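# Fold and contact review
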Amino acid sequence: MIRLIAITDDASMPPAPLHAVGCGRLTAICAPVDEHSGGADSLWRHEELVESLMETRDLLPVRFGTQLADDEAVAQAVGARGGQLAQRLELVRGAVELALRVDERGAAEPPLTGAATGTEYMQLQADRVRNGRMIHDELAALARETTMLPGPELLRAAYLVERSNVDAFVARVRKLQEANPELVLICTGPWPPYSFADEERA
Amino acid sequence: MSTAVADREVALVDLVDRLLGGGVVIAGDITLSVADVDLVYVSLRALISSVATAQEKQLLPRMGEAW
């Protein structure tokens, strides 16, 4: 078995122990099976590998844990979706993913405890939704593409941002944080474009 | 994410979102074992206190330095 790490249209050889498998116009980057897999450490190891590849090529990261029998199986599986994946690669070219979570400060407490009546509850709930929406709209203006992710926060979202726009995006997050001290904005990245790599998610 | 350990803890939720929920889905064996998932979720539970602390201190993970 081999691990499928990423799909690219850059034909340059990845560093050992990685190897490239030609799949028509696309190239699949594969790795030996991780014998020490388990827990958060193996997730971080995988992430570092993808990030190092991404320094020199545009790529679509593959879902963690994807393993196929051999090079032939990889070429067949990737080749079967070649057209679709090539389109996705164009979407993410030159861009990185930034993650954002927004919540109210002290959100670990039971939510909306300040509401005395049903009407107040409804009002607070509406404010919550509006706050999340406002933050999202401001940041979406700096992104090529966005997607909402499921989560318990006011807002959990991913933004596909051109590399040249990352600094402006971070500056906007800081500004929004300063303007909204009652909220906590947690922004991480740059990530490989996981949330925009497949139609199922994006 | 070439970040400090504390930042990694804050970012673990985002890491799990992406590696386990994102990426190209190829027809193949997904070999994430039950043990792996358990370990990840144990780590997430441990993370709750870390995030609360980070929020109190108004820490934002640093960005743009991973390259």
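## A look at the overall build of chain A
The helix and strand inventory of chain A stands at five helices and nine strands. From first element to last, N terminus to C terminus, chain A shows the α and β order β-β-β-α-β-β-α-α-β-α-β-β-α-β. Considering only C-alpha atoms, chain A reaches an extent of 65 × 35 × 25 Å along its principal axes. Of all 202 residues assigned to chain A, the portion counted as buried reaches 41%. Within chain A, contacts between residues at least 6 apart in sequence are counted, and of these 70% link residues at least 24 apart.

## Description of the overall build of chain B
On a plain count of helices and strands, chain B comes out with two helices and one strand. Each helix and strand of chain B, ordered N terminal to C terminal, gives the series α-β-α. The proportion of buried residues among the 67 residues of chain B is 33%.

## Observations regarding helix H1 (residues 39-54) of chain A
For H1 of chain A, with 16 residues, the first-to-last C-alpha span of 23 Å sits near the 22 Å given by 1.5 Å per residue. Listed as buried for H1 of chain A are Ala40, Leu43, His46, Glu47, Leu49, Val50, Leu53 and Met54 of chain A.

## Notes on the domain arrangement of chain A
Residue and element names in this part refer to chain A. You can read the domains of chain A as domain 1 (2-92) and domain 2 (95-196). Each of domain 1 and domain 2 has a C-alpha centre, and the two are 30 Å apart. Listed per partner, the contact involves seven residues of domain 1 and seven residues of domain 2. Mapped onto the side of domain 1 that touches domain 2, the elements with two or more residues apiece are H1, strand E4 (59-61) and helix H3 (82-92). With three residues, H1 is the single largest residue contributor to the side of domain 1 that touches domain 2. Of the residues that constitute the side of domain 1 that touches domain 2, the class distribution is six nonpolar, no polar and one charged.

## Looking at unusual backbone geometry
All names here are of chain A. In this structure, Pro17 follows Ala16 across a cis peptide bond, with omega equal to 10°. Along the chain, Pro17 turns up in the loop between strand E1 (2-8) and strand E2 (19-23). Cis geometry marks the peptide bond from Gly189 to Pro190, where omega comes out at 0°. Note that Pro190 resides in strand E9 (residues 183-191).

## Some words on the sheet that holds strand E6 (residues 95-104) of chain A
Within a sheet, each strand pairs with its neighbour through backbone hydrogen bonds, oriented either parallel or antiparallel. Residues and elements named next belong to chain A. Read across the open sheet, the four strands follow the order E7-E8-E6-E9; overall the sheet is antiparallel. Among the strands making up the open sheet, the edge pair consists of strand E7 (145-148) and E9. Neighbour-to-neighbour, the strand axes of this sheet turn through a mean angle of 20°, independent of strand direction. The pairing of E7 with strand E8 (residues 155-162) spans four bridges and is classified as antiparallel. Note that in E8 the partner of Met148 across the bridge is Ala157. Where helix H4 (residues 118-140) meets the sheet, its contacts fall on E6, E7, E8 and E9, and the angle it forms with E8 comes to roughly 5°. Running at roughly 170° to E9, helix H5 (residues 166-179) makes contact with E6, E8 and E9 of the sheet.

## Description of the pairing of E2 of chain A
On a regular strand, one side chain projects to one face of the sheet and the next to the other, so that they alternate. Residue and element names in this part refer to chain A. Pairing of E2 with strand E3 (residues 26-32), which is carried by five bridges, proceeds in the antiparallel orientation. For Ala20, the partnering residue across the bridge sits in E3 and is Ile29. Here E2 hands over to E3 after two residues, with Gly24 in that stretch at a positive phi of 70°.

## Section: the nonpolar core
In this structure, Ala6, Ile7, Ala28, Leu60, Leu100 and Tyr159 of chain A are the most contacted members of the largest nonpolar core, which totals 64 residues. If you count residues domain by domain, this core takes at least three from each of domain 1 (2-92) and domain 2 (95-196) of chain A. Each residue touching Ile7 of chain A, except ones within four places of it in the same chain, is listed here: Leu26, Ala28, Leu59, Leu60, Val62, Val78 and Leu85 of chain A together with Val24 of chain B.

## Some details on the environment of Met134 of chain A
Structurally, Met134 of chain A can be placed in helix H4. The class of Met134 of chain A is partly exposed, set by 16 C-beta atoms lying within 10 Å.

## Concerning the packing of H4 of chain A against H5 of chain A
Residue and element names in this part refer to chain A. At a minimum axis separation of 10 Å, H4 and H5 run at an interaxial angle of 155°. Of the possible angle classes, the one that applies to H4 and H5 is roughly antiparallel. Like other packed secondary-structure pairs, H4 and H5 cross with a definite hand, here right-handed. Where H4 abuts H5, its residues Ile135, Glu138 and Leu139 lie against Phe169, Arg172 and Leu176. Class assignment for the residues of the contact of H4 with H5 results in four nonpolar, no polar and two charged.

Calculation notes
- Residues numbered from 1 in each chain as written.
- Chains lettered and ligands numbered in written order.
- Predicted model: local features only at pLDDT ≥ 70, side-chain atom pairs only at ≥ 80, totals over all residues.
- Helix = DSSP H or I, 4+ residues; strand = E, 2+ residues; numbered from the N terminus.
- Buried ≥ 20, exposed ≤ 12 C-beta atoms within 10 Å, placed from the backbone.
- Contact = placed C-beta atoms within 7 Å.
- Expected span 1.5 Å × (residues − 1).
- Domains from an automatic or database assignment.
- Nonpolar A, V, L, I, M, F, W, Y, C, P; charged D, E, K, R; others polar.
- Pairing = 2+ DSSP bridges.
- Axes fitted to C-alpha atoms, helices over the stretch in contact; angles between N-to-C directions.
- Core = buried A, V, L, I, M, F, W, Y, C linked by C-beta atoms within 7 Å.
- Parallel < 35°, antiparallel > 145°, perpendicular 65-115°, else oblique.
- Left-handed = near helix turned anticlockwise from the far one by under 90°.

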